[in-house]
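Results of the structural survey
Take a look at the letters that make up each chain.
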Amino acid sequence: MNIGTTAATTLNLGAGGTLARAINIGTGTGVDTIRIGTGATGADLIEIGSTNAGDSSFKSGAALTLTAGATSTWSTTAGNLNVDAAASLNLGDTNATTVNIGTTAATTLNLGA
């Protein structure tokens, strides 16, 4: 089914009202390819979740890659930001990298057990 293939289109799924909704995309047992904002023209803004949302998660049974074309931020407004790896945490293994720790405020660095 093609929708809005030749004109600007807004699709509102479950928009408006205060009802709780579940919108399922590609939840069957087959292999799904889901592309959002993959066109070569224009600028796409993709937002997932809200300040009122509970936990958000991205899961993959294989590698998961997040790539940006400019300076990017991973942050939390409360609590810890945890990065964990089953084997090793690699920083700058592909390109020359500067790793800055605590450049603007007092920082405690704990290493080891």
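Refer to the structure above for everything that follows.
The following paragraphs examine the structure supplied in this document. Note that the structure is predicted; figures quoted are calculated from it, not measured. (Residues numbered from 1 in each chain as written. Predicted model: local features only at pLDDT ≥ 70, side-chain atom pairs only at ≥ 80, totals over all residues. Heavy atoms only, no water.)

With that out of the way, let us pick up the overall build of the protein chain. Across its full length, the protein chain holds 0 helices and 0 strands. In terms of C-alpha radius of gyration, the protein chain reaches 20 Å, well past the compact-globule figure of 13 Å for 113 residues. A buried classification covers 0% of the 113 residues belonging to the protein chain. (Helix = DSSP H or I, 4+ residues; strand = E, 2+ residues; numbered from the N terminus. Rg over C-alpha atoms; globule rule 2.2 N^0.38 Å. Buried < 20%, exposed > 50% of the residue type's maximum accessible area, 1.4 Å probe, protein only.)

With that out of the way, let us pick up a nonpolar patch on the surface. There is a patch of nonpolar side chains on the surface, built from Leu-66, Trp-74, Leu-81, Val-83, Leu-89, Leu-91, Val-99, Ile-101, Leu-109 and Leu-111 and spanning about 1100 Å² of accessible area. Exposure remark for Leu-66: the relative accessible area of 65% places this residue in the exposed category. (Patch = residues over 30% accessible without salt bridge, like charges linked within 9 Å, V, L, I, M, F, W, Y side chains within 5 Å. Areas by Shrake-Rupley, 256 points an atom, 1.4 Å probe, with all protein chains shown as cover. Salt bridge = Lys/Arg side-chain N within 4 Å of Asp/Glu carboxyl O.)

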